[in-house]
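# Summary of structural features
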Amino acid sequence: MSEEVLLARAYLSRVVEPPAPGLAQLVAAVGPVEAAQRVRAGRVDEQVAGETGARRTVDRAAADLAAARTAGSRLLTPEHDEWPAWPFAAFAITGVRELAPPLALWVRGPGRLAALCERAVGVVGARAATSYGMHVAGELSAGMADRGFTVVSGAAIGIDGAAHRGALAVDGATVAVLACGVDRAYPAAHQALLERIAATGLVVSEYPPGCVPGRHRFLVRNRLIAGMSEGTLVVEAGLRSGAQRTAADAAALGRLVLAVPGPVTSGLSAGCHRLIRDGALLVTRTEEVLEAVGRLGLDLADTPTSDVGRPTDALDPVAALVHDALPTRTPRDTRWLAMEAASAPCAWRSSTWNVAASSNTATAAGAASRPGAGRDHRRVRSRRSHDPARGPVPSVGAGISGRRRPQRETERTASRGERYGRRSPAARWRGPAPGARATAARGAGA
C-alpha cells in the first residue's frame, strides 16, 4: 500500500466521529486520497461538512502512525489483504445510518483480522453480571474457541471479560473491540487481560491512538462486534443495555442472534428472554451455538441423553405396578398387594419380570411370585427393609419394624424357650420343639 493512501486514511480516521455514512460514501466514490483533500479544503456537501467540520483542520496523520508503531499497533485499511471485506460488506446494504462501515481500523496483535472473522462469534452481556452469567460465558467461549472459532467481545467488565478469559484458557483466538485507542487499557482492571489478547489475537478500534473512551463510543463500537461475527450470543442483558444494541445491530446486518436463558426473577436475564420471544435462538450448550453458526450439515449438535438408567426401566407393566405398590415401611400380605396393584397374583407368575434385579427386592419378589405366595399368612416385606444400605434382609418374623436379631441372640432365645417348654418366634419356623416331639412319641407308644 502506498504511504499516501495510508496517511489519507489516518487523517480521515482522526477528523470524523464514527459512524460517518456521508464520508464513507464520499470515500467509496472518489477514493481516500481525493476525499481527504476535499475535506481539508472544505469542498464537501452539507452532510460530510457536518461530520468533519469540527476537526477538519486537525492533521495528525503522521503523528498517529508513529504513535501506533510505538505502541506495537498498525493501521488496517480496506486496501489491505487482511481487511474483512466480506463481513463488512453488510454495512453498506443496510441503509441504517448508525451502521456505516468503518473507514479504517487500528489493530494491535499478531492476528490477521480477515482470517479471524471467517469463523467468529460475538459474545456480549451485562457488566454487572452474576456468577451464573460469568460461568456460562466462560464455558461457552472456551468450548467455541477450542473448536476453532474466534470469540469477539468488547473487553468490558463482566460477560465480556469472562468470554475473553474462556477463550484464552484453551489457547483459542479472541478479538477485543475497544471504544478508545488501542494504546489505552480500558477498563484499567483489564490491562493484563488486554496484553494477553494482544499477544495472541487482536485488539481493534476505530479510534486513533490517544482517544479516550466515551459513552456514545461504546454503542458505536458494538456494530463492529456484530459485523465481525457470524452470530452474536447474548449471555445476560437487561431490557435496556448495550448488549441489546449489539443484538439489534446483528439482526440488521442479517446475522444470527442467540441468547442464553436465565432465572425469570433475574433482571439481568430479562433482556435475553425478550430477545428469545422476539425470535432469537435459545442456546444452552456450545454444540447448539456451533450448530447455528457453523458449517451446514457438519457442526451438528447431538441430542442430550441421560446416561443414568433406573433399575426399574426393564420392568414390564405388571411388574412396574407391583413394584410401585410395595409399601415403604410396613410389611403387607399378597392379597393387599394385589388390591393395591390392581392385578391378580396369577398375573405375577406369568409375567416375565424380576423386581429383585431392578431394585434389590429379591425376597419381596420371591414371596410374591413363588407357588403358594397367595396365602394370606405370607407377608410381602417393604422396599425399605430390602435396601442394601440399611443392612441385611430381615427374617419373615422380624415384624413391622424390619429389625433383625443377631444370629447368636436368636439361638439363645430358642434354647431358653426349649429349656422351659416354650417355643420362641424363631423356633416356630423349625417345627415342633424337641420336648413336644418326645411327648408325642410317648403318646403314640402308649
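Residues numbered from 1 in each chain as written. Predicted model: local features only at pLDDT ≥ 70, side-chain atom pairs only at ≥ 80, totals over all residues. Heavy atoms only, no water.

## Concerning the pattern of salt bridges
Evaluated as defined, the whole model comprises 13 salt bridges. Of the charged contacts in the structure, one is a salt bridge between Glu34 and Arg38, with a shortest N-O distance of 3.1 Å. Taken together, the residues Glu34 and Arg38, both in helix H3 (residues 32–41) and four residues apart, mark about one turn of the helix. One salt bridge connects Glu288 with Arg285, and the closest N-O pair in it is separated by 3.5 Å. Residue class for Arg285 comes out partly exposed when judged on its relative accessible area of 22%. (Salt bridge = Lys/Arg side-chain N within 4 Å of Asp/Glu carboxyl O. Helix = DSSP H or I, 4+ residues; strand = E, 2+ residues; numbered from the N terminus. Buried < 20%, exposed > 50% of the residue type's maximum accessible area, 1.4 Å probe, protein only.)

## Things to note about the packing of aromatic side chains
Considering all chains together, one arrives at three aromatic pairs under this definition. Here the aromatic residues Trp83, Phe88 and Phe91 are joined through ring pairs into a cluster of three or more. Over the aromatic face of Phe91 sits the side chain of Arg223, whose NZ or CZ is 6.0 Å from the ring centroid. (Phe/Tyr/Trp six-rings, centres within 6.5 Å; stacked < 30°, edge-to-face > 60°. Lys NZ or Arg CZ within 6 Å of the ring centre and 35° of its normal.)

## Digging into the side chain of His164
For His164, the position within the fold is in helix H9 (residues 159–169). Given the relative accessible area of 0%, His164 is considered buried. Excluding its chain neighbours within four sequence positions, the residues that come into contact with His164 are Ser153, Gly154, Ala155, Thr174, Val175, Ala176, Leu193 and Ile197. (Contact = heavy atoms within 4.5 Å.)

## Focus: helix H12 (residues 242–252)
When H12 is considered as a whole, its buried residues turn out to be Ala243, Gln244, Thr246, Ala247, Asp249 and Ala250. Packing partners of the buried residues in H12 comprise strand S3 (120–124), helix H11 (215–228), strand S7 (231–234), strand S8 (256–259) and helix H13 (270–277). Phi turns positive one or two residues past the end of H12, at Gly254, with a value near 80°.

## Examining the pairing of strand S2 (residues 105–108)
Burial along S2 is two-sided: the face carrying Leu105 and Val107 and the face carrying Trp106 and Arg108 are both buried. Pairing analysis gives four bridges linking strand S1 (residues 73–76) to S2, with the strands arranged antiparallel. Within the sheet, the bridge partner assigned to Leu76 lies in S2 and is Leu105. When S2 meets strand S6 (residues 202–205), the two strands line up antiparallel, connected through three bridges. In the strand pairing of S6, Trp106 is matched with Ser205. (Pairing = 2+ DSSP bridges.)

## A short note on H9
Buried residues dominate H9, accounting for nine of its eleven residues. The complete set of buried residues in H9 reads Ile159, Asp160, Gly161, Ala162, Ala163, His164, Gly166, Ala167 and Leu168. Buried positions along H9 lie against S3, helix H8 (131–146), strand S4 (150–153), strand S5 (174–177), helix H10 (191–200) and H11. One or two steps after H9, the chain reaches Asp171, where phi turns positive at roughly 60°.

## Quick notes on the confidence of the model for the protein
A residue-level look at the protein finds 76% of positions with pLDDT of 70 or above and a mean pLDDT of 81. Residue range residues 356–380 is modelled with pLDDT below 50. Its contacts to residues more than four positions away, or to other chains, number 52 contacts. Throughout residues 436–446 the model reports pLDDT below 50, and contacts reaching past four residues in sequence, or to other chains, amount to one contact. (pLDDT = per-residue confidence, 0-100.)

## Overview of the sheet that holds S1
One open sheet holds the nine strands; their spatial order is S1-S2-S6-S5-S4-S3-S7-S8-S9, and the pairing between them is mixed. Bordering the open sheet on either side are S1 and strand S9 (281–282), each of which pairs with just one other strand. In this sheet, S4 lies alongside S3 in parallel orientation, the contact comprising three bridges. Along S4, the bridge assignment pairs Gly122 with Val152. Packed on one face of the sheet, H13 meets S7, S8 and S9 and runs near 130° to S8. (Axes fitted to C-alpha atoms, helices over the stretch in contact; angles between N-to-C directions.)

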